[in-house]
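What the coordinates show
Chain by chain, the residues:
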Amino acid sequence: HLKTLVGKTVRVLVEGPSKSGADRVQGRTERHEIVHLPDHPRFDLVGQELTVKVDEAFNHSLLASLPDSFGDLEKSLPVKKLMPTNSQPRRLAVL
């Protein structure tokens, strides 16, 4: 079934970082297929529903590309908050 989606556009809810690479995020289609996407350098895509083009199909997932432009959605996409290079993430003490 996944191979029939190559070349088509699908709606994807972006869930978080991809297990397949540091520069990717992953999400799921309406039929719950796993989709890996390139992470956007400026926008935080997690939690966003996007329309993407499927480029490749694997046994259990799809690889898709982001649109060239997000159109009106771009106005509402949150910009990534970059952590200063000299700071470490805060760790909470476990009681």
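This text goes with the structure placed above it.
Read on for an overview of the structure. (Residues numbered from 1 in each chain as written. Predicted model: local features only at pLDDT ≥ 70, side-chain atom pairs only at ≥ 80, totals over all residues. Heavy atoms only, no water.)

1. A closer look at unusual backbone geometry
Even without being glycine, His32 reaches a positive phi, approximately 70°. Inspection of the secondary structure puts His32 in the loop between β2 (24-29) and β3 (34-38). Take His32: its relative accessible area is 58%, and that puts it in the exposed class. (Helix = DSSP H or I, 4+ residues; strand = E, 2+ residues; numbered from the N terminus. Buried < 20%, exposed > 50% of the residue type's maximum accessible area, 1.4 Å probe, protein only.)

2. A short note on the sheet that holds strand β1 (residues 9-17)
Around the barrel, which closes on itself, the five strands sit in the order β1-β2-β3-β5-β4 with mixed pairing between neighbours. Across the sheet, the mean angle from the axis of one strand to that of its neighbour is 55°, orientation sign disregarded. Where β3 lies against strand β5 (residues 61-65), three bridges are found, and the strand directions are parallel. Among the inter-strand pairings, Val35 is bridged to a residue of β5, identified as Leu62. (Pairing = 2+ DSSP bridges. Axes fitted to C-alpha atoms, helices over the stretch in contact; angles between N-to-C directions.)

3. Remarks on the nonpolar core
Ranked by size, the top nonpolar core spans 18 residues in total, and within it Leu37, Leu45, Val52 and Leu62 carry the most contacts. When contributions to this core are tallied by element, the ones reaching two or more residues are β1, β3, β4 (49-57) and β5. At four residues, the largest contribution of residues to this core is made by β4. If we skip the residues at most four places from it in the chain, Val52 touches Lys8, Thr9, Val10, Val12, Leu37, Ala64, Ser65, Leu66 and Pro67. (Core = buried A, V, L, I, M, F, W, Y, C linked by side-chain atoms within 4.5 Å. Contact = heavy atoms within 4.5 Å.)

4. Things to note about the environment of Ser65
Position of Ser65 relative to the elements: it lies in strand β5. A relative accessible area of 24% means that Ser65 is categorised as partly exposed. Each C-alpha atom, one on Ser65 and one on Asp55, is 6.7 Å from the other, the two residues being 10 residues apart in sequence.

5. Overview of the pairing of β5
Burial runs high along β5: four of the five residues are buried. Looking at chain direction, β4 and β5 are connected through four bridges and run antiparallel. In the strand pairing of β5, Ala57 is matched with Leu62. Linking β4 back to β5 in an antiparallel pair, the connection comprises three residues.

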